[in-house]
Amino acid sequence: MFEIKGHDLYVEQIKAVDLAAQYGTPLYVLSESSLRSNLSDIKANFMDKYEQVQAAYASKALLTSAVVRIVEQEGFHLDVVSGGELYTARHASFPMAKIIFHGNNKSDEELQMALDYGVGRIVVDNVGELHRLAAMAEKAGKTAKILFRITPGIKAGTHHYIATGQKDSKFGIALDESIIFPAIEFAIQSKAIDFLGFHFHIGSQLFTNDTHIAATKVAVSLIKAVKDRYQYEIRELNTGGGYGIKYVEGDTPKPAAYFTDAIMESLESLCKSEGLLRPTVFIEPGRSIVGEAGITLYKAGAIKTIPNIRTYVAVDGGMTDNIRPALYQAKYEAIVANRADAPSDETVTLCGKCCESGDILIEHIPMQHIEAGDIIAVFSTGAYTYAMASHYNKHPNPAVVLVSGDQSYEIVKRETYEDLVSKDVIPAHLKA
Ligand SMILES: Cc1ncc(COP(=O)(O)O)c(C=O)c1O
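Parameters and conventions
- Residues numbered from 1 in each chain as written.
- Predicted model: local features only at pLDDT ≥ 70, side-chain atom pairs only at ≥ 80, totals over all residues.
- Heavy atoms only, no water.
- Near = heavy atom within 4 Å.
- Polar contact = N/O pair within 3.5 Å; in protein donor to acceptor, adjacent residues only side chain to side chain.
- Areas by Shrake-Rupley, 256 points an atom, 1.4 Å probe, with all protein chains shown as cover.
- Nonpolar A, V, L, I, M, F, W, Y, C, P; charged D, E, K, R; others polar.
- Pairing = 2+ DSSP bridges.
- Helix = DSSP H or I, 4+ residues; strand = E, 2+ residues; numbered from the N terminus.
- Domains from an automatic or database assignment.
- Contact = heavy atoms within 4.5 Å.
- Buried area = accessible area lost by both parts, 1.4 Å probe.
- Salt bridge = Lys/Arg side-chain N within 4 Å of Asp/Glu carboxyl O.

Peer 1: How do you make sense of the site of the ligand when you look at a structure like this?
Peer 2: Looking at the ligand, there are 15 residues lining it, with Ser204, Gly242, Glu284, Arg287 and Tyr384 nearest. The separation between an oxygen atom of the ligand and a polar main-chain atom of Gly242 is 2.9 Å. Separating an oxygen atom of the ligand from a backbone N or O atom of Gly286 is a distance of 2.9 Å. Coverage of the ligand by the protein amounts to 91% of the 400 Å² it exposes when considered alone. Class assignment of the residues belonging to the shell around the ligand gives a composition of three nonpolar, seven polar and five charged.

So, in structure tokens, the structure goes:
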């Protein structure tokens, strides 16, 4: 969906430079065909291939009302992790029964919201939350359908900021007998709780399936222990997301089926050998659905060469629209969208315009010759960019544009300076 024709980079059938001219820069651009094709791939190779399976889109990767509509149309569930994400989902008319509500520190207000909205599943992250939720559901005369998020004690091979399956994690319930079993027993006995099963998510940007398989084994042992101890059949197992994507040359992403087939195969055989009913399996990828479907367009500004050191090319965005390089040294590739067919024979460092030396988008990247005013496209920025945007230095957030064939739609409007001060309040004694 991103192609070079002549001198230009195209997003579907529209020139990137035309999008930049029409909507301004920086600009997040999302290809609808690419997004839908990633969703269809999961449908064809997982949802239609196996019985009793469901897929959710992890909305933390990129959540806008239009994205919610696409995800719903494609038949997916939606993973949300906060009151704000839940509110957005409802705002976009997403069916609440297909919501999976996560979060390691859900407030009473968020839990109440989930009960009031009638969300399909709440993934309970800790024992305190279980007791709070049970009390609130009982008071409301409701039954909360829950899964326990467990930390299976598996260390994923990824940056430690995005590894979550190891025991020492802020997410989930550790599998110590004295912690997990009393929680399970309580959930089974509570009239206000419908205990469906377990959830794990071991990390993000993974290229091998071994940790998913290992976590599945741990989950099956737990499912067996629950059956042996309480004669209780677990009905659902949510295996999270984490499937890696291509950011740079050398990344080796695998199709979703590489992960889901391995999970299903190991689960089917383990359940058979343990004499267990195979639970309904959920997956909830985010990055692999939207990551490569998005690019960011910037305009090149100040260009500064420090002899024998490097050339900095500053763009009109930076860590405010993409914090990932500064946060955990994420790597990206980029081209000059209006000179896309030229050889990449100049090495530059793309930096942003924030007051931080760490505001570097890409270090030492071979690129086409760049002049001020050129449009730079950074690839694979669909996930965890707009979702993590900030207002540092009071930079307004860019617009998000959806491209479908030869049509484009602003699905999130560019913020204005007025927006930036719209929540400011000046107390009377400070007024001029
Ligand atoms: C609980 C949970 N599910 C799913 C995801 C999605 O992960 P990814 O975007 O790597 O697929 C995350 C990411 O943090 C997560 O925490």
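Peer 1: Please clarify how the sheet that holds strand β2 (residues 8-11) should be interpreted in this entry.
Peer 2: The strands making up a sheet are joined through hydrogen bonds of the backbone, oriented either antiparallel or parallel. Across the sheet, three strands lie side by side as β1-β2-β3; this open sheet has antiparallel pairing. Of all strands in the sheet, those with a lone pairing partner are β1 (2-5) and β3 (14-15), marking the two edges.

Peer 1: Can you walk me through the domain arrangement of the protein in this structure?
Peer 2: When the parts of a complex come together, some accessible area is lost, and that lost area is often used as the size of the interface. Per the domain assignment, the segments of the protein are domain 1 (2-29 + 291-421) and domain 2 (63-285). Every contact between the two is made by 14 residues of domain 1 and, on the other side, 14 residues of domain 2. Carbon and sulfur atoms make up 63% of the area that domain 1 and domain 2 hide from each other, which totals about 1,200 Å². Taken as a group, Glu292, Tyr328 and Glu333 account for 35% of the area that domain 1 buries against domain 2, more than any other trio of residues on that side. At the junction of domain 1 with domain 2, the criterion picks out zero salt bridges. Connecting domain 1 to domain 2 are three residue pairs in polar contact (both at pLDDT 80 or more). Secondary-structure elements contributing two or more residues to the side of domain 1 that touches domain 2 are α11 (324-328) and β21 (407-412). If one sorts the elements of the side of domain 1 that touches domain 2 by residue count, α11 sits on top with three residues. Residue classes in the side of domain 1 that touches domain 2 are distributed as seven nonpolar, three polar and four charged.

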